[in-house]
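Structural characterization, general
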Amino acid sequence: MNIVTPPIIVGENEAFEQDALGRSNFGQSLLNLVSQSSDELVISLDGKWGEGKTTFVKMWQGMLNQAEVPNIYIDAFANDYIDDAFIAVASAITKYIEENSVNPDDEKSREFREKAKLVGVQLLSWTAKVGIKAATLGAIKDSDIEELKDIKSDIAKGLSTVVGDFVGERLASHKQDVERFQSFKKLLSEIPSLLSPEGDKPFVIVIDELDRCKPTYAVELIEKVKHLFSVKNVVFVLVMHRKQLEEAVKCVYGENIDAHTYLQKFINIETTIPKKIGDRHDNDINQYNRRLFDLHEIETWGDGRNLVDCLEVLAMHFNLSLRQLERVYTNLAVFYASSSENQLRLVPVISFLAVIKVVNPTVYEALLHQKITYEELCQKTGLSDHDQEDSSLRKLQFLAMWLKFSLITDKQFEQLDENDRIRSFGQSLWQYNVERERLMPIFIQKLNMFTVA
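Now for a look at the structure at hand. (Residues numbered from 1 in each chain as written. Predicted model: local features only at pLDDT ≥ 70, side-chain atom pairs only at ≥ 80, totals over all residues. Heavy atoms only, no water.)

**Quick notes on unusual backbone geometry**
Trans peptide bonds make up most of the peptide bonds, and negative phi angles are found at most residues other than glycine. Convention followed: Under the DSSP-based scheme used, a helix requires at least four consecutive residues in state H or I and a strand at least two consecutive residues in state E, with every element numbered from the N terminus. The buried label goes to any residue with under 20% of its type's maximum accessible area, the exposed label to any with over 50%, and the partly exposed label to all in between, with areas taken from a 1.4 Å probe on protein chains only.
Despite not being glycine, Glu68 shows a phi value in the positive range, around 60°. Residue position: Glu68 is located in the loop between α2 (53–66) and β2 (71–75). A relative accessible area of 52% places Glu68 in the exposed class.

**Thoughts on the side chain of Asp385**
Here is the rule: Contact between two residues is taken to exist if any of their heavy atoms lie within 4.5 Å; hydrogens are not considered.
Here Asp385 is to be found in the loop between α17 (374–381) and α18 (391–407). Classification of Asp385 as buried rests on a relative accessible area of 17%. Residue contacts for Asp385: discarding those within four places in its chain leaves Tyr374, Gln397, Ala400, Met401 and Lys404.

**Details of the layout of surface pockets**
Space left empty within the atom packing is revealed by a probe, the size of a water molecule, rolled over the atoms. Our working rule: As defined here, a cavity is a set of points on a 1 Å grid over the protein atoms alone where a 1.4 Å probe fits but cannot get out. A pocket is an open set with protein on both sides within 12 Å along at least five of seven lines, and residues line them when an atom is within 4 Å of a point. Grid points are joined across faces, edges and corners, and a volume is the space filled by probe spheres set on the points. Note on residue categories: nonpolar means Ala, Val, Leu, Ile, Met, Phe, Trp, Tyr, Cys or Pro, charged means Asp, Glu, Lys or Arg, and polar means any other residue, Gly included.
As a volume, the largest pocket reaches approximately 670 Å³. Lining the largest pocket are 31 residues, with Gly52, Lys53, Thr54, Thr55 and Arg323 positioned closest to its centre. If you list the elements that add at least two residues to the lining of the largest pocket, you get α2 and α14 (322–337). Residue contributions to the lining of the largest pocket peak at five residues, all from α2. Its residues assigned to classes, the lining of the largest pocket comprises 13 nonpolar, eight polar and ten charged.

**Points about the sheet that holds strand β4 (residues 234–240)**
Definition in use: Strands are treated as partners if at least two bridges between them are detected by DSSP. Helix axes use the C-alpha atoms of the stretch in contact, all axes being lines fitted to C-alpha atoms, and the angles between their N-to-C directions lie in the range 0 to 180 degrees.
Spatial ordering of the open sheet is given by β2-β3-β4-β1-β5, a layout of five strands whose pairing is parallel. If you trace the sheet from one side to the other, it starts and ends with β2 and β5 (269–272), each paired once. On average, adjacent strands in this sheet sit at an angle of 20° to one another, irrespective of strand direction. One ladder, built from five bridges, connects β2 with strand β3 (residues 203–208); its direction is parallel. Within β3, the residue paired with Ile74 across the bridge is Ile207. Against the sheet, α2 contacts β1 (41–46), β2, β3 and β4, and its axis sits at roughly 160° relative to β2. The strands touched by helix α4 (residues 85–100) are β2, β3 and β4; relative to β2, the strand with the most contacts, the crossing angle is about 145°.

Shown next, in the form of structure tokens:
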């Protein structure tokens, strides 16, 4: 049995061979788009946390490799300890050129490294000496220069002679800075010709995990991509949770900024990680649910089909992400691994607890301490034991009936109609000598024996 979901290992030249969610067609469309482009292209790939963005782009890189499209992957979160985002991107590009140039002795490879070094030093001198956001050489406009003149004038009044001299120096060398910057960009646009035999393929740079970075770093990285690296024949794919990144923009520039419009200034094309959600029988959650059951190899002693069915309706009801579903399965694997075949298992209750522990820990704690009624649980979770016409909702109804059986008081139980199906549930407990009201605490204590990080 696998307690933790085994990671999907995607080989360098492996594309969508392990694709469980049918995303290869979208990957091909994205490949066609970038292959046909010679523009300054920045594409955003949007998706919420845990929807498989990283797995998709890893598989997509394999597709790029099969098509001999040069590409690199940059984990922005792994690099946000570096103060300057320019260094992280430029060093990754330089390393790739050195390792993959069709002509390692080409002068352009060495020239790019040297120009990147010069631009990097220039940017660091700006940010190190002046506490203002002006570290995008080519983005400095005449209005910015006027602003800097005002700053220099204020500084000259006695705030700081050293900084005042530096600002004056930068104003005087502005033309040289821009020329250096333009020369760097021109050379970068020529680099793709060194990376493929025919020299006719774009250079694709995938930047992932932007939404996990420090807000300042994430915003700076996007700005640097647009101002310093966006050139013809180079395509950037920025992998992000758009809403989270908009919050980062607000964190940097204030709540009053229109973050959505601001990001659009840096992105040419927007797309979203594909999700199949419409078909009740063929959607991402159902597909991944079955895959996880197989991957974890949980010994359910005959409960497997029931477990998969319960998790299917719960995952749809609570709109679980793929990552959340993985954590649910880890909770269940812990439960089953620490249990024996002859122990009591009520799949509807166990599966609900494994899910609610992930999506709503507050409700889970209330259940643990028996501080929530069945009526309150229904109100907080949207569950109901009322009759349903839809077959999938009837599964959810049956699960809710088990929760009702476990949570209502003795008085409420006695007041149930004599034909109420819930009255018969107690027969499942006779051989285990377990009282109805002890079900929740028993299963929760079992789940709590080990904490899933």
